[in-house]
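Here is what each chain is made of, one letter per residue.
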Amino acid sequence: MTKEIQRRRTFAIISHPDAGKTTLTEKLLLYGGAVQLAGSVTARKNQRATTSDWMELEKKRGISISSTVLQFDYNGYRLNLLDTPGHKDFSEDTYRVLTAVDSVVMVIDSAKGIEPQTRKLFEVCRRRGVPIFTFMNKCDRPMKSPLALLDELESVLGIGAFPVNWPIGNGFDFQGVFDRQTQLMHLFERTVGGQYRAPVQVGGLNDEIIRGRLDDTTYHATVEELAMLEHAGHGFDAPSALLEKITPVFFGSAINNFGVQLLLDGFLKYAPAPASRVMGGIRISPEHPAFSGFVFKIQANMDPKHRDRIAFVRVCSGKFERDMTVHHSRSKKKIRLSSSHKLFGNERETVDEAYPGDVIGLVGHDSFGIGDTLTADPAILYQEIPRFTPEAFSYLHNPNTAKFKQFRQGLDQLLQEGVIQALYLRNSAVKTPLLAAVGPLQFEVVQFRLESEYGAASRFEAAPWTVVRWLPADIKEEELDALSLPTGARLAYDVGRNPVVLFQNEWSANYFGETNRNTPLSALPVQTSRQ
């Protein structure tokens, strides 16, 4: 059991959009031996699409919309790699994934440095105490000075940076990296479209074969920078203790496969194995004999041939065995887990056992919701999944009454997945659901998926509200009637029957606070359901 836990590495890749996150994911699969030919995010006819962007809309738009689980073995380790969307409109999905991992690789565009979404995701990781590895990508394009990039990590994110390797050359002259721990140069050659592993020459700083490939300017600049790092940089002797304060930094170019192998090997050398989870002040270790895990994501129609839904479960303790019976926290019922799968993008194969750190897919359980705990010990209850405050609101109409069943089924499924939230206006005669999302792109995803997966066309109508606030969960109905609402504000209920107020703007929300001083508002969703 302990041996299996120690060889698990469960991690996510995070970044601002277009920093190269999905490309790096694909190249890690190539170097990890999980794929023979690396795909491209914007694949042309003769290229393979990426493994993680399997959804039709992702291929059309060239962006990641849904988090994907990729599980593979490499060098004696079992890796559970989660590719996440970078766009802020899908940050809810990304934040949920961060509850299921033990470490993250943060990808930074070395020409742009730290961008807004990177900063947000970094803060989420820091609050959770998740160790962060940094990959400075796109060094084959004109980039900021490597020293300036390290300084940015320290000044903007407030984390120490230890460069594990160092770039040789900049932009078109970028030739490879110097490994500071083995004192070896790795000089790469480009391959067509980066589909295959890059040929590499390895040697010492003064080896003839290495020295012959570098011009004098590049060579002397590299020697000077390395000498400066030795005197002024952070040390990195006890990685496990330092990972929360220092980020190991790797340089490279994912699209050309430069530095990917060194990142993968360096990550496995330092990344932590699955850790204990704290539940109500009690620490549940991975070696705890009782199986436990939680659902952090639900995805429908991954296989268009089967209209099924799959619940992604992070195993936290004990050993999972197919056909085992577990306690389901939401329904308080015993459930047999017979259809369990190992995941690789949208491909799956039956798995008979799993250990802490693994992510498994459970098919065919309609009662499962995001955040549910599955356990052999009913005393274990994880409350890992945060809920988020929506900022975009719209009505969704069904223009074709003949397709009402498909429309309703599709919408219910997408609500269960947590793609969007539904709010129900109080005392409203209209049955059209008011949909709420973190960003407007989520509405586009809903519309596309309703049509492509359920054959139901839909029409969005913008709602007049931009702000939602939660009322106290114990407020009574007669107290709701007595509230003084600003012009345009409406009372509604969330999916857990908790009362909320919808406002047209921030000023209106502040005015409500002044006129109803005994009724506090919360910007964060109430996490429990109201009976």
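See the structure shown above.
Residues numbered from 1 in each chain as written. Predicted model: local features only at pLDDT ≥ 70, side-chain atom pairs only at ≥ 80, totals over all residues. Heavy atoms only, no water.

Q: Sorry, what's going on with the sheet that holds strand S26 (residues 434–437) here?
A: By definition, the strands of a sheet pair up through backbone hydrogen bonds, in either a parallel or an antiparallel sense. Read across the open sheet, the seven strands follow the order S27-S24-S26-S25-S29-S30-S28; overall the sheet is antiparallel. The open sheet has two free edges, formed respectively by strand S27 (459–462) and strand S28 (467–470), since each of these has just one partner strand. The average angle at which neighbouring strand axes cross in this sheet is 40°, direction not considered. Alignment of strand S25 (residues 421–425) against S26, held across three bridges, turns out to be antiparallel. Paired with Ala-422 across the strands is Leu-435, a residue of S26. Running at roughly 20° to strand S24 (residues 392–397), helix H12 (residues 441–454) makes contact with S24, S26 and S27 of the sheet. Where helix H14 (residues 506–515) meets the sheet, it contacts S28 and strand S30 (499–503), and its direction lies at approximately 130° from that of S30. (Pairing = 2+ DSSP bridges. Helix = DSSP H or I, 4+ residues; strand = E, 2+ residues; numbered from the N terminus. Axes fitted to C-alpha atoms, helices over the stretch in contact; angles between N-to-C directions. Contact = heavy atoms within 4.5 Å.)

Q: Help me out: how do you make sense of the pattern of salt bridges in this one?
A: As a working rule, side chains carrying opposite charge can pair if their charged atoms are close by. Taken as a whole and assessed by the stated rule, the structure comprises 17 salt bridges. Ionic pairing is found between Lys-319 and Glu-353, a salt bridge with its closest N-O pair at 3.2 Å. A residue pair is termed long-range when its members are at least 10 positions apart, and Lys-319 in the loop between strand S15 (309–317) and strand S16 (320–321) and Glu-353 in strand S21 (residues 353–354) qualify at 34 residues. What emerges from the salt-bridge pattern is a single network uniting Glu-4, Arg-7, Arg-8 and Asp-358. (Salt bridge = Lys/Arg side-chain N within 4 Å of Asp/Glu carboxyl O.)

Q: Whenever I open this one, unusual backbone geometry confuses me. Can you help?
A: Where the residue is not glycine, phi is negative for most of them; where a peptide bond is considered, it is trans in most cases. One non-glycine residue, Gln-183, adopts positive backbone phi at about 60°. Notably, Asn-427 is not glycine yet its phi reads approximately 55°, a positive angle. Here Asn-427 is to be found in the loop between S25 and S26.

Q: Please explain the sheet that holds strand S9 (residues 184–188) as it appears in this structure.
A: The strand order S7-S8-S9-S10 describes an open sheet built from four strands, whose pairing is antiparallel. Here the strands that pair on one side only, and so sit at the sheet edges, are strand S7 (165–168) and strand S10 (200–203). Each strand axis lies, on average, 20° off the axis of its neighbour in the sheet, ignoring direction. The sheet contact formed by S9 and S10 spans four bridges and is antiparallel. When the bridges of S10 are listed, Leu-187 appears paired with Gln-201.

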